[in-house]
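# Per-entry structural report
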Amino acid sequence: MEHTKDPKVVSVNISTKKGTIKTPVDKIDVKIDHGIVGDAHAGNWHRQISLLAIESLNKMKEKIPSLKPGDFAENIMTEGISLHTLPVGTLITVGETELEVTQIGKECHKGCEIRTITGECIMPTEGIFAIVKKEGEIFPGDPIRVIAND
């Protein structure tokens, strides 16, 4: 899948507990060494923010038509960018913020609400994780741009 000319944020989502689906919100506030204010995954570690492409969600919708943004516990749902092809170390701007890709995919843990609901999860192969390099607010509709990768 190629990047389209106008990659953008489709939805921003948070949850207060880990391993649960996230709820779409009007905006998220991201901080350096922290991640998203008010999100369970925030902290000074390498998986502050999770991103997933709506294109990945749409593939799963063939099996589970009711899926919606946040159901795979992603913080930012994107459109028009092939996230899982971005190498670790890639810098992307999301609205006024800047994020650095730190991990591609993840191992699912046991007792995950998402896997129970969906039967399988796409985060292990198609989700990515990032840390905050430049603080700010992220809104649905914000443009996404790849600015550099090592």
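Structure first, text after, so check above.
Residues numbered from 1 in each chain as written. Predicted model: local features only at pLDDT ≥ 70, side-chain atom pairs only at ≥ 80, totals over all residues. Heavy atoms only, no water.

## Looking at the sheet that holds strand 10 (residues 136-138)
The pairing of strands in a sheet happens through backbone hydrogen bonds and is either parallel or antiparallel. Basically, it comes down to this: Note on pairing: two strands pair once DSSP finds at least 2 bridges between them. Strands are runs of DSSP state E lasting at least two residues, helices are runs of H or I lasting at least four, and both sets are numbered from the N terminus onward.
Pairing within the open sheet is antiparallel, and its 3 strands lie in the order 4-3-10. Pairing within the sheet leaves two strands with one partner each, and these edge strands are strand 4 (35-36) and strand 10. Bridge analysis of strand 3 (residues 28-31) against strand 10 gives 3 bridges, and the strand direction is antiparallel. By the bridge assignment for strand 10, Asp29 is matched with Glu137.

## A closer look at unusual backbone geometry
Despite not being glycine, Asp33 has its phi angle at roughly 60°, a positive value. The phi angle at Ala73 is positive, at roughly 65°, despite the residue not being glycine. You can see Ala73 is positioned in the loop between helix 1 (54-61) and strand 6 (76-79).

## Brief notes about the nonpolar core
For the record, the criterion: In this text, buried Ala, Val, Leu, Ile, Met, Phe, Trp, Tyr and Cys residues form a nonpolar core when linked through side-chain atoms within 4.5 Å. Relative accessibility under 20% of the residue-type maximum defines a buried residue, over 50% an exposed one, and the middle range a partly exposed one, all with a 1.4 Å probe and only protein chains included. The contact rule is simple, with two residues in contact once any of their heavy atoms fall within 4.5 Å.
Ile49, Leu51, Ile76, Leu99 and Ile138 are the most contacted members of the largest nonpolar core, which totals 21 residues. Counting residues per element, the ones that place at least two in this core are strand 1 (8-14), strand 3, strand 5 (49-53), strand 7 (91-94), strand 8 (97-104) and strand 9 (128-134). Beyond its immediate stretch of four places on either side in the chain, Ile76 contacts Val9, Ser11, Val12, Asn13, Ile28, Ile49, Ser50, Leu51, Leu52, Leu99 and Ile138. Listed in part, the 12 residues of the second largest apolar core include Leu67, Cys121, Ile122 and Met123.

## Let's talk about the pairing of strand 9
Taking burial as the measure, the 7 residues of strand 9 include 5 buried ones, the bulk of the element. The sheet contact formed by strand 5 and strand 9 spans 3 bridges and is antiparallel. For Leu51, the partnering residue across the bridge sits in strand 9 and is Ile128.

## Some points on the pairing of strand 5
Put simply, the test is: Handedness of a crossover is defined as follows: orient the strands so they point away from the viewer, and if the path from the first strand over the helix to the second runs clockwise, the crossover is right-handed.
Of all 5 residues that make up strand 5, 5 are buried, and the element is covered over most of its length. Of the two faces of strand 5, the one carrying Ile49, Leu51 and Ala53 and the one carrying Ser50 and Leu52 are both buried. Each parallel crossover has a hand, and for strand 5 linked through helix 1 to strand 6 it is right-handed.

## Notes on the environment of Ala130
Structurally, Ala130 is set in strand 9. Relative accessible area serves as the criterion here: at 1%, Ala130 is assigned to the buried category. Remark: the alpha-carbon pair of Ala130 and Gly89, spanning 41 residues in sequence, is separated by 9.1 Å. Apart from the residues lying within four places of it in its own chain, the contact partners of Ala130 are His46, Arg47, Gln48, Ile49, Leu51, Leu99, Glu100, Val101 and Thr102.

## Re the packing of aromatic side chains
Using the following cut-off: Side-chain rings of Phe, Tyr and Trp, where Trp is taken by its six-membered ring, are said to pair if the distance between their centres is within 6.5 Å; with planes under 30 degrees apart they count as stacked, over 60 as edge-to-face, and otherwise as tilted. Only Lys NZ and Arg CZ are tested; either one counts as a charge over a ring when it is within 6 Å of the ring centre and within 35 degrees of the ring normal.
Applying the stated criterion across every chain yields a total of 0 aromatic pairs. Over the aromatic face of Trp45 sits the side chain of Lys18, whose NZ or CZ is 5.0 Å from the ring centroid.

## Quick notes on helix 1
Selection rule: Along the arc lie the directions from the helix axis toward the C-beta atoms.
For helix 1, every residue scored as buried is listed here: Ile54, Ser56, Leu57 and Met60. Taken down its axis, helix 1 places every buried residue within 155° of arc, on the same side. On its buried face, helix 1 is in contact with strand 1, strand 5, strand 6 and helix 3 (123-126).

## Some remarks on the side chain of His41
Note the cut-off: A 3.5 Å cut-off defines polar contacts: any pair of N or O atoms within that distance qualifies, except that in protein one atom must be a possible hydrogen donor and the other a possible acceptor, and neighbouring residues in sequence count only when both atoms are side-chain atoms.
Counting through the fold element by element, His41 comes out in the loop between strand 4 and strand 5. Residue His41 is classed as buried on the basis of its relative accessible area of 17%. A polar atom in the side chain of His41 sits 3.2 Å from the side chain of Lys22.

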